[in-house]
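# Fold and contact review
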Amino acid sequence: VGTVSRVFNNHTNVSEEIRQRVLKAAADLGYFRTQGQPSATRPNARLLKEVGFLYCSSIEETPATLDPYWAPIFHGVESESRQSQIKITYRTITDIRHMPHLLTTTLYEMRLGGILLVGQAEADTLRVIQATRTPVVLVDNYIAAHPVDILLPDNFQGAQLAMDYLFSEGHRRIAFIGGPSESMTPATLTTPPIYKIYSIQQRWISYCMAFLNRGLPIDYHLVESGKLSMESGYDACKRLLERKADFSAIFCVDDITAIGAMKALREAGRRVPEDVSLLGFDGIELGQHVTPALSTIRVNTEALGATALRTLIARAANPDAPYVTTLLGVELIKRDSIAPYRAKAMAK
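For clarity, every value in this text was computed on a predicted model and none was experimentally measured.

### Brief notes about the packing of helix α8 (residues 230-242) against helix α9 (residues 255-267)
The axes of two packed helices give the description: the angle between them and the distance between them. Running from amino to carboxyl end, α8 crosses α9 at an angle of 45 degrees, the nearest separation of the two axes being 7 Å. Relative to α9, the element α8 lies oblique. Considering how the two elements wind past one another, α8 and α9 form a crossing that is right-handed. Residues M230, G233, Y234, C237, K238 and L241 of α8 pack against I256, T257, I259, G260, A261, K263, A264, L265 and E267 of α9. For the contact of α8 with α9, the per-class residue count stands at nine nonpolar, three polar and three charged.

### Topic: the sheet that holds strand β1 (residues 50-56)
Taken together, the six strands give an open sheet; going across it, the order is β2-β1-β3-β4-β5-β11, and neighbouring strands pair in parallel fashion. Single-partner strands in this sheet number two, and they are β2 (87-92) and β11 (325-328). Averaged over all pairs of adjacent strands, the angle between strand axes in this sheet comes to 20 degrees, irrespective of strand direction. Pairing geometry for β1 and strand β3 (residues 114-119), over six bridges, is parallel. Paired with Y55 across the bridge in β3 is V118.

### Description of the side chain of D275
One can find D275 in the loop between α9 and β9 (277-279). By relative accessible area, D275 is classed as buried at 5%. Of the polar contacts made by the side chain of D275, one reaches the backbone nitrogen of R271; its length is 2.8 Å.

### Considering the sheet that holds strand β7 (residues 223-224)
Judged by pairing direction, the sheet is parallel, and its four strands sit side by side in the order β7-β6-β8-β9 without closing on themselves. The open sheet is flanked by β7 and β9, the only strands paired with a single partner. Its contacts with the sheet put α8 on β6 (174-177), β7 and β8 (249-252), and the angle it makes with β6 is roughly 145 degrees. Packed onto the sheet, α9 meets β6, β8 and β9 and runs at close to 150 degrees relative to β8.

### Observations regarding helix α3 (residues 70-84)
With 15 residues, α3 extends 21 Å from end C-alpha to end C-alpha; this agrees with the ideal 21 Å at 1.5 Å per step. Listed in full, the buried residues belonging to α3 are W70, I73, F74, G76, V77, E80 and S81. End-on, the buried residues of α3 take up no more than an arc of 155 degrees, which puts them together on one face. Within α3, the exposed residues directed more than 90 degrees away from the buried face are R82 and Q83. As for α3, its buried residues are in contact with β1, β2, β3, β4 (136-139) and α10 (301-317).

About the criteria used
- Residues numbered from 1 in each chain as written.
- Predicted model: local features only at pLDDT ≥ 70, side-chain atom pairs only at ≥ 80, totals over all residues.
- Heavy atoms only, no water.
- Axes fitted to C-alpha atoms, helices over the stretch in contact; angles between N-to-C directions.
- Helix = DSSP H or I, 4+ residues; strand = E, 2+ residues; numbered from the N terminus.
- Parallel < 35°, antiparallel > 145°, perpendicular 65-115°, else oblique.
- Left-handed = near helix turned anticlockwise from the far one by under 90°.
- Contact = heavy atoms within 4.5 Å.
- Nonpolar A, V, L, I, M, F, W, Y, C, P; charged D, E, K, R; others polar.
- Pairing = 2+ DSSP bridges.
- Buried < 20%, exposed > 50% of the residue type's maximum accessible area, 1.4 Å probe, protein only.
- Polar contact = N/O pair within 3.5 Å; in protein donor to acceptor, adjacent residues only side chain to side chain.
- Expected span 1.5 Å × (residues − 1).
- Arc of directions from axis to C-beta.

In structure tokens form, the structure reads like this:
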């Protein structure tokens, strides 16, 4: 008992081997000492003094604080935290998301009062975090069948706005470049891709519904998958061009992908928007600085971060409240990369 007490109070007179054995046993037992965070018996939001911004990515290792989409979310969290006098600690957990003992130990050492779990965390990672009894909110992610508060942009509505706009401009042959999918060979695809990221799934479903609601077929040869990067957007667009796919517009699942696609179109001699209209998603700042300026669906990322922290504060204050899934509205930003459909554009 004395040894365990010294470990959990971070005394120096315990060897690292013993310390790790104690922490592993605690993780196996589901034991996690509440380090000042709110509990059912102490529902006081003022006890929420330190919050972890834990970023988990299944795609790349770029830190969230440098990513053009996630960095404004982090900034929104920080701005809101100053009003509540809460310290925000950033940590990438991509490398330990499949190591439950190490993840548990890391969480214990961070001594967090609450957690914002950001990115593409999986159910097993969420389960480990919830076992620590620390209040947690998912940010821009959805994990089914788990009692947890969730903050998301309205991905379905955003894609609907995008497709309605393209159809209103006369486009009917609209290609789609998505994110990581179960099948990365859409050139021979005869069935729908299964996208691995929830937000991408919602945008894809909305894309499909735009055709079905108009009585039009979905041409899977106009569908590509990527890795949500400029390089993969470039490669995906090149594949569309190399198989001579017939399209007058491309709806890209995010702005970074769209910027990569723009480069591929330019190299192929296709003008944007005269020959091919291009539409992105997310509304990152870079989109307005490319030529032509990128039309997009804007996500208010700073508001997403601020709302996520407010949701976490409310959860810490009232652990027994019903769990909520909150959708933040998005907006269509019309810039220079969309033009009305002209039949001669595709005759080139």
